[in-house]
Amino acid sequence: MSFYAFIGALEQGLVYGLMVLGVYLTFRILDFPDLTVDGSLPLGAAVSSVCIGAGMDPYLSLLPATLAGFCAGAVTGLLNTRLKILHLLASILTMIALYSINIRIMGRPNFTLLGKTTVLDSLTAFGLPSSLAGTCLFAAFTVCAALALIWFTRTELGQAMLATGDNPRMITALGVNTGNMIVLGVGLSNALVALCGALVAQNQGAADVNMGVGTIVAGLASVIIGETLLGQGRISRMIIAAVLGSVAYRLAIALALGVKLGEFSFSPSDLNLITAFIVVTALTAPRLKRKMAR
Amino acid sequence: MKRFLVLSLAAAMLFAASAALAQTKVISITQIVEHPALDNARKGFMDGLKEAGVDAKFNVHIAQGNSATNVQIAGQMLDEKPNLVLAIATPGAQVCAQKIKDIPVLFTAVSDPVGAGLVKSMQAPGGNLTGMTDMPPVDKQIELIKTILPKTATVGIVYNAGEANSVSQVNAVKAAAAPLNIKIVEATVANSGGVYQAAKSLVGKCDAVYIPLDNTVVSAFESLVKVCDENKLPLFSSDNESVGKGAIAALAVDYYAMGKQTAAMGKKILDGAKPADLPVESLKNLDIHLNLKAAKAQGVTIPEAVVAKAVKKFE
């Protein structure tokens, strides 16, 4: 793999690491399969882009974007806990509603940031090459988010959230409102996803209403690949695994994009098949390893 | 002597090979998703360059609709050190505009290059990008309706107000219709299921119905045809496919032809032209498709001059 492809994969893995942390929070900690992410990723992108278009500082624009993501997640949580709609369905409903909302926010399906100042410009102004600027900045964001999440799981609130996913009956008996925990948890998860979307839009030069398609697949694949690489363990280890999984997933796609085996070469349309193959391999690898050991 | 011959032969072959290599142009292509229109644009581009005598090696990448892969492809293309990059559809072109600064980039099948931030203006792109727009020629489409039905005073439009692309087309239709003294009556739908009802609401209110490139309405085209046939209401579309399904006529963008025209721009750039100096083009030759059976059902006689110009006729 060449320099550009490697750096490109690292950059994508790190920026989507924020999204993967969000998916880890719902999928593993809360045991809540959340499809809202396919809509909250472009939501963050849309809010941040429109704010930048209106003249806001690119870093400042990340705040309303993150907040919008929290609200979207909270809506899914409320639909599930207050209106008793099945979690999967509740998240799908929010996701499809966000499609219309995102177009409303942008006023069109695609909002360009080309020629506008983005978060990356402050780094390239220091003389950092643009190919490295994204990688450095996104690494900083994702490491901070991972550390914050590790810290959060050690607080009383975080412990209550862990217990909500693990053993809701026990934690209810202790006087914790599991409904509130779910609303907060799904909200936090989507706040991270929307922050990711805002950074992705600034990196690729536009927010697009369709940019969230497949987010949940990439998120789950990354979580699972991370678990395969680092193995199950303590929460802090699992959170680091999620970020590693995100990078590994993008590296695998970069490899698949460049693969050529003599006469045989993959067609560009095979990419989804290769992606599915990577995930299946990651899912079955631990079992195979155990069988080999025996 | 024999060794000398072999050596010189080998040298000659090596020279020939390297000369051939020097002429081979590397062209990297990025396409956001596989879709018949976009695939045809790509085929047209590749065939067009081949016919222009360019010895090209194509690296085709398709992002499968995935935003992250779309960005990764831009990095991959930088590695390939291409002489030219082709971006098919808006998302790929935007990433190229953001990431690729030293290699000329052509785009095609982009509806609104200025709105997408790709070029400063259609006439003078300014940067290292130029290309072609696929915005339907609505003014020419309205003129075609007027040619076939000179007495047209009111045109009904069925579209989905949630499709940004349709909204901009309807605005363009209004601008084109005003100087021709044609009034526009709108009927909007939220989903394909509403098309039948919307079509019925137009009966008696207009002299003809025109359908823009609207995914929602086009996917329920048969119900429109039913209403128009029953009420002798002439129906016009902006895509060729719908003519086969029962619209009287369309003056439409052919994506394969667009790819070929993009290839002609590509040839100019490979020969040394700067993208900044090449204005954004739209398709030069538009095809008229006619459905004479539908015309009969909807009570329309198509002028001979239009029939003679038609590229394809359904009888």
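Residues numbered from 1 in each chain as written. Chains lettered and ligands numbered in written order. Predicted model: local features only at pLDDT ≥ 70, side-chain atom pairs only at ≥ 80, totals over all residues. Heavy atoms only, no water.

Caption draft 1: Up close: the nonpolar core. Counting residues in each nonpolar core, the largest one holds 126 residues, and the members touching the most others are Met19(A), Leu21(A), Phe45(B) and Leu118(B). Contacts of Leu118(B), omitting those with residues within four sequence positions, involve Leu114(A), Ala93(B), Gln94(B), Ala97(B), Phe107(B), Val110(B), Pro113(B) and Leu129(B). In this structure, Leu144(B), Val155(B), Ile157(B) and Val300(B) belong to the second largest nonpolar core, which totals 28 residues. (Core = buried A, V, L, I, M, F, W, Y, C linked by side-chain atoms within 4.5 Å. Buried < 20%, exposed > 50% of the residue type's maximum accessible area, 1.4 Å probe, protein only. Contact = heavy atoms within 4.5 Å.)

Caption draft 2: Representation of the sheet that holds strand S13 (residues 312-314) of chain B within the structure. Residues and elements named next belong to chain B. One open sheet holds the seven strands; their spatial order is S7-S6-S8-S9-S10-S12-S13, and the pairing between them is mixed. Each edge of the open sheet is held by one strand with a lone partner, namely strand S7 (183-189) and S13. Between one strand and the next, the sheet's axes are offset by a mean angle of 20 degrees, whatever the strand orientation. The pairing of strand S6 (residues 154-160) with strand S8 (residues 208-211) spans three bridges and is parallel. Paired with glycine 156 across the two strands is valine 209, which belongs to S8. On the sheet, helix H7 (residues 195-202) packs against S6, S7 and S8 and is oriented at approximately 155 degrees with respect to S7. Sheet strands in contact with helix H9 (residues 221-230) are S6, S8 and strand S9 (235-237), and its direction is about 150 degrees off that of S9. (Pairing = 2+ DSSP bridges. Helix = DSSP H or I, 4+ residues; strand = E, 2+ residues; numbered from the N terminus. Axes fitted to C-alpha atoms, helices over the stretch in contact; angles between N-to-C directions.)

Caption draft 3: Examining empty space enclosed by the protein more closely. Within the structure shown, the criterion is met by one cavity of 30 Å³ or more. In this structure, the largest cavity encloses a volume near 60 Å³. Counting residues per element, the ones that place at least two in the lining of the largest cavity are helix H10 (215-230) of chain A together with helix H3 (67-79) of chain B. Split by residue class, the lining of the largest cavity holds six nonpolar, four polar and one charged. (1 Å grid on protein atoms, 1.4 Å probe; cavity = no way out; pocket = protein on both sides within 12 Å on 5 of 7 lines; lining within 4 Å. Points joined across faces, edges and corners; volume = space filled by probe spheres on them. Nonpolar A, V, L, I, M, F, W, Y, C, P; charged D, E, K, R; others polar.)

Caption draft 4: Representation of the sheet that holds strand S4 (residues 105-110) of chain B within the structure. Residues and elements named next belong to chain B. Taken together, the six strands give an open sheet; going across it, the order is S2-S1-S3-S4-S5-S11, and neighbouring strands pair in parallel fashion. Sheet topology places strand S2 (56-62) and strand S11 (281-282) at the edges, where each strand pairs with a single neighbour. In the sheet, strand S3 (residues 84-88) pairs with S4 via four bridges, with the strands oriented parallel. For valine 85, the partnering residue across the bridge sits in S4 and is valine 105. In this fold helix H4 (residues 90-99) packs onto strand S1 (25-31), S3, S4 and strand S5 (129-133), with an angle of close to 155 degrees to the strand it touches most, S4.

Caption draft 5: View of the side chain of Ser61(A). All names here are of chain A. In this structure, serine 61 sits in the loop between helix H2 (37-53) and helix H3 (62-81). Only 3.1 Å separates the side chain of serine 61 from the side chain of serine 48, close enough to count as a polar contact. Polar side-chain contacts of serine 61 include one of 2.7 Å to the backbone oxygen of proline 58. If sequence neighbours within four positions are ignored, serine 61 has contacts with Ser48, Cys51, Ile52, Met56 and Gln202. (Polar contact = N/O pair within 3.5 Å; in protein donor to acceptor, adjacent residues only side chain to side chain.)

Caption draft 6: Highlighting the interface of chain A and chain B. In this assembly, 33 residues from chain A lie in contact with 31 residues from chain B. Buried surface at the junction of chain A and chain B, summed over both partners, amounts to about 2,500 Å²; 51% is from carbon and sulfur atoms. Taken together, the links from chain A to chain B amount to two salt bridges. A salt bridge links Lys99(B) to Glu11(A); the shortest N-O distance between them is 3.7 Å. Counting across the interface, chain A meets chain B through seven residue pairs in polar contact (both at pLDDT 80 or more). Elements with a contribution of two residues or more to the side of chain A that touches chain B: helix H1 (3-29), strand S1 (110-112), helix H9 (178-204), strand S2 (206-208), helix H11 (235-258) and helix H12 (271-293) of chain A. With seven residues, H1(A) is the single largest residue contributor to the side of chain A that touches chain B. (Buried area = accessible area lost by both parts, 1.4 Å probe. Salt bridge = Lys/Arg side-chain N within 4 Å of Asp/Glu carboxyl O.)

Caption draft 7: Quick look at the environment of Leu213(B). By the element assignment, Leu213(B) lies in the loop between S8 and helix H8 (215-218). C-alpha of Leu213(B) to C-alpha of Met258(B): the two residues are 45 residues apart in sequence and 17 Å apart in space.

Caption draft 8: Structural context of the packing of aromatic side chains. Under the definition given, this model contains two aromatic pairs over all chains. Aromatic pair Phe45(B) and Phe58(B): ring centres 6.5 Å apart, planes at 75 degrees, arrangement edge-to-face. Of this pair, Phe45(B) sits in helix H2 (residues 36-51) while Phe58(B) sits in strand S2, and the two are 13 residues apart along the sequence. Side by side, Phe45(B) and Phe58(B) carry an identical accessibility label, which is buried. Seen from the ring of Tyr16(A), Arg250(A) lies directly overhead, with NZ or CZ sitting 4.6 Å from the centre. (Phe/Tyr/Trp six-rings, centres within 6.5 Å; stacked < 30°, edge-to-face > 60°. Lys NZ or Arg CZ within 6 Å of the ring centre and 35° of its normal.)

Caption draft 9: Spatial organisation of the packing of helix H7 (residues 156-166) of chain A against H9(A). Residues and elements named next belong to chain A. Across the interface, H7 lies against H9 with an axial gap of 10 Å and an inter-helix angle of 105 degrees. By the angle between their directions, the pair H7 and H9 is classed as roughly perpendicular. Along the contact surface, H7 presents Leu157, Ala160, Met161 and Thr164, while H9 presents Thr178, Met181, Ile182, Leu184 and Gly185. Each residue belonging to the contact of H7 with H9 can be placed in one class, and the counts come to six nonpolar, three polar and no charged. (Parallel < 35°, antiparallel > 145°, perpendicular 65-115°, else oblique.)

Caption draft 10: A look at the state of the cysteines. Under the defined criterion, the tally for this structure stands at zero disulfides over all chains. In this structure Cys136(A) is a free cysteine whose sulfur lies 13 Å from that of Cys144(A), the closest cysteine sulfur available. (Disulfide = S-S within 2.5 Å.)

Caption draft 11: Geometry of unusual backbone geometry. Residue and element names in this part refer to chain B. For alanine 89, which is not glycine, the phi dihedral falls at a positive 80 degrees. One non-glycine residue, lysine 232, adopts positive backbone phi at about 50 degrees. The residue lysine 232 is located in the loop between H9 and S9 in this model.

Caption draft 12: Expanded view of the pattern of salt bridges. Residues and elements named next belong to chain B. By the definition in use, this model includes nine salt bridges over all chains. A salt bridge links lysine 226 to glutamate 230, with the nearest nitrogen and oxygen atoms 3.7 Å apart. Taken together, the residues lysine 226 and glutamate 230, both in helix H9 and four residues apart, mark about one turn of the helix. Given a relative accessible area of 51%, glutamate 230 falls into the exposed group. Across the pair lysine 284 and glutamate 281 runs a salt bridge whose closest N-O atoms are separated by 3.9 Å.

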